[in-house]
Amino acid sequence: MMMKSFFLFILVIINAIHADPTPIVLWHGMGDTCCWSFSLGGFKQFLEDEIPGVYVLSLEIGNNTIEDMENGYFMNPNKQVELACDIIANDSKLQGGFNAIGFSQGCQFLRALVQRCGHMLPRVKNLISLGGQHQGVYGLPNCAAVQHLTCDYVRKLLNYAAYNSIVQHGLVQATYWHDPLDESLYRKKSDFLAEINNERAINKTYIENLNKLEHFVMVKFEDDSVVQPRDTEWFAFYEPGQAKKILDLRDSPIYTKDRLGLKRMDKAGKLVFLSSPGNHLQFTDDWFRDNIIKPYLL
Ligand SMILES: *[C@@H]1O[C@H](CO)[C@@H](O)[C@H](O)[C@H]1NC(C)=O
Ligand SMILES: *[C@@H]1O[C@H](CO)[C@@H](O)[C@H](O)[C@H]1NC(C)=O
Ligand SMILES: *[C@@H]1O[C@H](CO)[C@@H](O)[C@H](O)[C@H]1NC(C)=O
């Protein structure tokens, strides 16, 4: 008996020593692709250098990098998520589970993937969101630097167009346009974001799947001038009815009414809010190593 458990113990140790690092799935942002060496191709290499033996899959949406970039603008996210679920389900190297890292819009796409396909895929352990737009956007790049009246005017125009059904289906960024001045229109028309945020109806599968994560890590860039408001990177947004005051996630209805199970995750210590100095996605290797790799990827 003693002998048997001793051998079991040794087996467990040997297994632990030989265990491959948890694989990583990446999803790029708008205007980017899976594989360019100066963007995610380079980042994949960085991860492989930092975590010897790790398998990294950088999602390519399309048959080549050009299609991948175009699809980031024009393929409806619902379709993109479906495709990504398929790619992951087919990848034998991911079958033991994986960590997922999103860049910008890739963050909300990965969250949608977890919520929609989590029960059909190997376990997603940690979801790392780098500058994601979890409550959508209401603004244009660098709008904060422009005179406010102009910004509001342009917003109104885009708002009108964003919820037009042709634009909703044809332009990815319109599917996470969120007008705080008309929440009911957003709920009705946003065919991606309002749906995954359980704003239209409560989908219990989404809640269960998201809650299976070990951590949902949200990184906000302190000087982000691309994402408006940058608080959306922490799942916060403008208080309904105006576009100046921000409501923190913990004060927002999605949290207080626990529509998506975020309150439960928060209580369990699964929600992590990090910030990085710099503009959109401008983190340093050191910052990433200390704040993401060491705590979540090793
Ligand atoms: C890949 O190419 C085929 C054939 O041209 C096309 O039908 C398909 O839509 C492409 N896949 C994606 C994801 O764009
Ligand atoms: C996944 O595998 C199935 C069955 O082999 C195949 O029909 C499908 O095209 C594959 N999907 C992708 C995205 O590779
Ligand atoms: C909830 O989400 C699951 C997973 O995506 C889906 O299969 C199901 O149809 C959804 N339920 C409703 C009521 O939309």
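Anyway, here's the lowdown on the structure attached to this text. (Residues numbered from 1 in each chain as written. Chains lettered and ligands numbered in written order. Predicted model: local features only at pLDDT ≥ 70, side-chain atom pairs only at ≥ 80, totals over all residues. Heavy atoms only, no water.)

Considering the site of ligand 2
- In the vicinity of ligand 2, the contacting residues are D86, I87 and N90.
- For ligand 2, an oxygen atom lies 2.4 Å from a polar atom in the side chain of N90.
- Protein chains shield 32% of the accessible area of ligand 2, which is 360 Å² for the free molecule. (Near = heavy atom within 4 Å. Polar contact = N/O pair within 3.5 Å; in protein donor to acceptor, adjacent residues only side chain to side chain. Areas by Shrake-Rupley, 256 points an atom, 1.4 Å probe, with all protein chains shown as cover.)

Here we look at the site of ligand 1
- Inspection of the region around ligand 1 gives G62, N63, E67, N71 and L83 as its neighbouring residues.
- The side chain of E67 places a nitrogen or oxygen atom 3.2 Å from an oxygen atom of ligand 1.
- Protein contacts shield 38% of the accessible area of ligand 1, which totals 360 Å² for the unbound molecule.
- Here the shell around ligand 1 is built from residues that sort into 1 nonpolar, 3 polar and 1 charged. (Nonpolar A, V, L, I, M, F, W, Y, C, P; charged D, E, K, R; others polar.)

Notes on the packing of helix α4 (residues 77-89) against helix α5 (residues 105-117)
- One can describe the packing of α4 onto α5 by two numbers: an axis separation of 9 Å at closest approach and a directional angle of 65°. Classified by the angle their axes make, α4 and α5 are roughly perpendicular. For the element pair α4 and α5, the recorded crossing hand is right-handed. Side by side, α4 and α5 meet where P77, N78, Q80, V81, A84, C85 and I88 of the first sit next to F109, A112, L113, R116 and C117 of the second. (Axes fitted to C-alpha atoms, helices over the stretch in contact; angles between N-to-C directions. Helix = DSSP H or I, 4+ residues; strand = E, 2+ residues; numbered from the N terminus. Parallel < 35°, antiparallel > 145°, perpendicular 65-115°, else oblique. Left-handed = near helix turned anticlockwise from the far one by under 90°. Contact = heavy atoms within 4.5 Å.)

What about the pairing of strand β3 (residues 98-103)?
- Taken across its 6 residues, β3 has 6 buried, putting it largely inside the fold.
- Of the two faces of β3, the one lined by F98, A100 and G102 and the one lined by N99, I101 and F103 are each fully buried.
- Inspection of the sheet shows strand β1 (residues 24-27) paired to β3 by 4 bridges, in the parallel sense. Paired with L26 across the strands is I101, a residue of β3.
- Bridging between β3 and strand β4 (residues 124-130) involves 5 bridges; their strand directions are parallel. Each residue of the ladder has a partner; that of F98, found in β4, is V124.
- The handedness of the β3 to β4 crossover, carried by α5, is right-handed. (Buried < 20%, exposed > 50% of the residue type's maximum accessible area, 1.4 Å probe, protein only. Pairing = 2+ DSSP bridges. Right-handed = clockwise from strand over helix to strand, strands pointing away.)

Brief notes about the pattern of salt bridges
- Taken as a whole, this structure holds 10 salt bridges when the rule is applied.
- A salt bridge links R289 to E50, with the shortest nitrogen-to-oxygen separation between them at 2.9 Å. With R289 in helix α13 (residues 285-297) and E50 in helix α2 (residues 40-50), this pair connects stretches of sequence that are 239 residues apart.
- Between K294 and D290 there is a salt bridge, and its shortest N-O distance comes to 3.2 Å. Of the two residues, K294 and D290 both sit in helix α13, 4 residues apart, roughly one turn of that helix.
- Classification of K294 by relative accessible area gives exposed; the value is 51%. (Salt bridge = Lys/Arg side-chain N within 4 Å of Asp/Glu carboxyl O.)

Comments concerning the packing of aromatic side chains
- Taken as a whole and assessed by the stated rule, the structure comprises 16 aromatic pairs.
- Centroid distance F46 to F288: 6.3 Å. Interplanar angle 65°. Geometry classified as edge-to-face. Here F288 lies in helix α13 and F46 lies in helix α2, a separation of 242 residues in the sequence.
- Judged by relative accessible area, which is 0%, F288 ranks as buried.
- For the ring pair Y73 and F74, a centre distance of 6.0 Å and an interplane angle of 40° mean the geometry is tilted.
- Exposure remark for Y73: the relative accessible area of 29% places this residue in the partly exposed category.
- Taken together, F43, F46, F103, F221, F283, W287 and F288 form an aromatic cluster joined through their ring pairs.
- In this structure, K220 packs its charged tip against the face of W234, placed 4.0 Å from the ring centre. (Phe/Tyr/Trp six-rings, centres within 6.5 Å; stacked < 30°, edge-to-face > 60°. Lys NZ or Arg CZ within 6 Å of the ring centre and 35° of its normal.)

Considerations on the sheet that holds β3
- Taken in spatial order, the 6 strands make up an open sheet running β2-β1-β3-β4-β5-β8, and their pairing is parallel. Edge positions in the sheet fall to β2 (56-58) and β8 (271-276), since each of these pairs with one other strand and no more. Strand-to-strand twist of the sheet, defined as the mean angle between neighbouring strand axes without regard to direction, takes the value 15°.
- Summarising the sheet, strand β5 (residues 215-221) and β8 pair through 6 bridges and their orientation is parallel. Opposite V219, over in β8, you have L274 as the bridge partner.
- In this fold α4 packs onto β1, β2 and β3, with an angle of close to 155° to the strand it touches most, β1.
- Helix-sheet contacts for α5 involve β1, β3, β4 and β5, and the interaxial angle to β3 is about 145°.

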